[in-house]
Amino acid sequence: MSKTSLIALVTAGLVGGAAAHDNNIEVLARTCNGCHGVGGVSAGPSMPSIGGLPRDYLARIMKQWKYDERVGVTMNRIVKGFSDDELDALAGYFSRQPWVPAPQRAPADVMQKGRSAVSESCEDCHGISGNDPDVDAPRINGQWSRYMELELEKFRSADFKMPHRKMRRAANEMKPADVSAAARYFGAQSR
Amino acid sequence: MNPYVDRRTFLKAVTAAAGTAVLTIPQARAVAVKARVVVVGGGYGGASAARYLRLLDPGIEVTLIERGTRYTSCPLSNEVLSGSRDISTLQTGYGGLAQRGVKVVHDEVVGIDPVKKAVTTGTGGTFGYDALVVAPGVELDFGAVQGLNADLAESRIPHAWKAGPQTLLLKKQIEAMPDGGRMVIAVPPAPFRCPPGPYERAAQVAMYCQSHGKKKVKILLLDANDSFSKRPLFEQAWKALYGYGSDGMIEWIGGAAGGKVERVDAEAMTCHTAFDDIQCDVINVIPPHRAGRIAVDAGLANFKGAWCAVKPENMESTAQKDIFVIGDACVGGELSTGNGFPKSAHMANSQAKVVAASLAARFNGLPAPKPLYTNTCYSVVAHDWGFSVVHLFRVENNQWVYVKDGSGISPVTFGTKEKPIPVPRLYRRMEAEYADGWLRNLMTDAFS
């Protein structure tokens, strides 16, 4: 076997020693593809892309779901079947994938309104284009805007347990009419 | 208008990401063929298997044999009945797989020779294989219901259990149904494809009737079984949205109460159970299922003569070496506790990944990775009301183990058992929204 093809097989999760045989991260990650896409690049507007997000962010969110500290709807059930070590491994795996924005075009008036809302409520932590986040925040440039709208609704709802105080406060201070515009503004960013 | 103007660019990026994420083998024409895999059937299971085999090792020659040139997704096809989804959003071709180097052959497999390791097709083609993936879906047994036959299913009594023209035929009949009319949905004995499907269908039809001035329509679920998938969630939603029970728009009659439809009369438009003769405007009989005919003919249906038993570690048939059966035709899971594999698209997609990983390892002389089987399945009962079930199976000591902690349906209530509080509507709405994202990703993960 040539060196290149061996490297390829390692990447494909086919080679990796005894440990990998028992708990192969590629096999584990592949179970996420059905809803989040290969490499965590989602093709469905209500489902987030997760490839290229920070490891600590991904690990923290999944564990908060697992221990019911945060409402993730479907995800609260799914992650309970995995050990903390597996969730850490998944977070590490997806954090190593490239972030692939899915730029969704929005009309100029929406972009203008969105930018002003973003500079008021979101820029501090995510950056004006969503590509320059704080250490504990996800990048959201070219994230699916429908997903972000729904996520903002969760943060704005008193019925949903959402633990991030700063994000909750920022989301709740937004004017209702600005929520969608901000989400669409970030969704339109290509880089 | 498509709001995702940059979709083409994005899909290119997705494809590029898929390459880097999974594999760095260049797609060189010079890659030597390590093995030949033939895949029979281009539904979710077969398409996913072909796709992942190529993703994992382009040295594997993959031939997909499928009759149709267009595929219509069954998941979310009930939304077409209510008019809330256009059927084109469920349709795809096989060009994406062809671009991955899958040899797509549109033909019908008529024979499998496990000794010579070859399949033959209706037009006389022969395809040798090192491994064969059989994913034929289900065959509907029209003869199990008196008075029903395949021709009637194409005209007066559609099943709409294989999405496409059948879905549109049933939709037309629903649209023609008068206010005060009655529709029967006859549910076959389990196991059947898409366990929550008939009950989601009742809700989608009710939603259509409610918003089209047909508030006095009756939708009667005549069920051969005594209970059903996601039952507390469906009953809660039916009651809240459409009225449920003898006075409601939706009524369910279980097997013990005589729900099984024994006979239909297409001329008189009547359904007959052991206890009752029911006059109908629309009769939607979902006939009992068994594994697709090619699997039965090949001697693979060794479980109750109807389904194909497979090995937990890699989905290989227990009847024939080097043949792998995936999708609705197979039987698996923790059967002893009633937690079998649900017959769903997502489950088929997951099984396909297990087969692909196992074969890719084998053709490279490596041990197969330990498999995981997962399922996520959404049901949409109104534009803003959905729910889901998830399943996780691991394999321990060559047996499937149903992982209860990673499985289960959406919550029926919040709060405590003693003090339940209603689940917020936003929660239900989110799962209705997630259903669409799930569908698009699942289609992409199988056909792109």
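Keep in mind it's a predicted model, so treat the numbers as computed, not measured.

Colleague: How should I be thinking about the overall build of chain A in this particular structure?
Modeller: The helix and strand inventory of chain A stands at 11 helices and zero strands. Along the chain direction, N to C, the helices and strands of chain A fall in the order α-α-α-α-α-α-α-α-α-α-α. Burial analysis of chain A (191 residues in total) assigns 51% to the buried set. Taking the intrachain contacts of chain A between residues at least 6 apart in sequence as the baseline, contacts between residues at least 24 apart amount to 68%.

Colleague: Would you take a moment to explain the overall build of chain B for this structure?
Modeller: Within chain B one finds 11 helices and 29 strands. Relative to the compact-globule value of 22 Å for 448 residues, chain B shows a C-alpha radius of gyration of 22 Å, a close match. Seen through its principal axes, chain B has C-alpha atoms that stretch 65 × 50 × 45 Å. Expressed as a percentage of its 448 residues, the buried residues of chain B come to 53%. Long-range pairs, those at least 24 residues apart, make up 67% of the contacts in chain B with a sequence separation of at least 6.

Colleague: How do you make sense of the sheet that holds strand β11 (residues 182-187) of chain B when you look at a structure like this?
Modeller: Across a sheet, strands are paired by hydrogen bonds formed along the backbone, either parallel or antiparallel in direction. All names here are of chain B. Read across the sheet, four strands follow the order β13-β12-β11-β17 without closing on themselves; strand pairing throughout is parallel. One side of each edge strand has no neighbouring strand; the edge strands of this open sheet are β13 (250-253) and β17 (282-285). Across the sheet, the mean angle from the axis of one strand to that of its neighbour is 15°, orientation sign disregarded. Judged from the four bridges that link them, β11 and β17 form a sheet pairing that is parallel. Looking at the pairing, Ala-186 lines up with Val-285 of β17.

Colleague: Honestly, the domain arrangement of chain A in this entry has me stumped. Any pointers?
Modeller: Interfaces are often sized by the accessible area lost when the parts come together. Under the domain assignment used here, chain A contains domain 1 (3-95) and domain 2 (108-187). The partner domain 2 of chain A presents 13 residues to the 14 residues of domain 1 of chain A that form the contact.

Colleague: Please explain the nonpolar core as it appears in this structure.
Modeller: Nonpolar side chains tend toward joint burial in soluble globular proteins. In terms of nonpolar packing, the biggest core is built from 179 residues, with B:Val133, B:Val134 and B:Val325 touching the most fellow members. Considering each element in turn, this core owes the most residues, 12 residues, to helix α10 (residues 345-363) of chain B.

Colleague: How should the sheet that holds strand β7 (residues 118-121) of chain B be read in this particular structure?
Modeller: All names here are of chain B. The three strands lie next to each other as β6-β7-β8, forming an open sheet whose pairing is antiparallel. This sheet does not close on itself; its edge strands, each paired only once, are β6 (109-113) and β8 (126-128). Ignoring strand direction, the axes of neighbouring strands in this sheet form an average angle of 20°. As judged from the three bridges shared by β7 and β8, these two strands associate in the antiparallel manner. Bridging from a neighbouring strand, Val-119 pairs with Phe-127 of β8.

Colleague: Got a minute to help me understand the domain arrangement of chain B in this structure?
Modeller: All names here are of chain B. Here the domain parsing of chain B yields domain 1 (32-139 + 290-447) and domain 2 (142-287). When each unit is reduced to the centre of its C-alpha atoms, the spacing between domain 1 and domain 2 is 26 Å. Contacts between the two partners involve 29 residues from domain 1, matched on the other side by 29 residues from domain 2. Going through the elements one at a time, α3 (78-82), β24 (372-382) and β25 (385-396) are the ones with two or more residues in the side of domain 1 that touches domain 2.

Thresholds, definitions, all that
- Residues numbered from 1 in each chain as written.
- Chains lettered and ligands numbered in written order.
- Predicted model: local features only at pLDDT ≥ 70, side-chain atom pairs only at ≥ 80, totals over all residues.
- Helix = DSSP H or I, 4+ residues; strand = E, 2+ residues; numbered from the N terminus.
- Buried ≥ 20, exposed ≤ 12 C-beta atoms within 10 Å, placed from the backbone.
- Contact = placed C-beta atoms within 7 Å.
- Rg over C-alpha atoms; globule rule 2.2 N^0.38 Å.
- Pairing = 2+ DSSP bridges.
- Axes fitted to C-alpha atoms, helices over the stretch in contact; angles between N-to-C directions.
- Domains from an automatic or database assignment.
- Core = buried A, V, L, I, M, F, W, Y, C linked by C-beta atoms within 7 Å.

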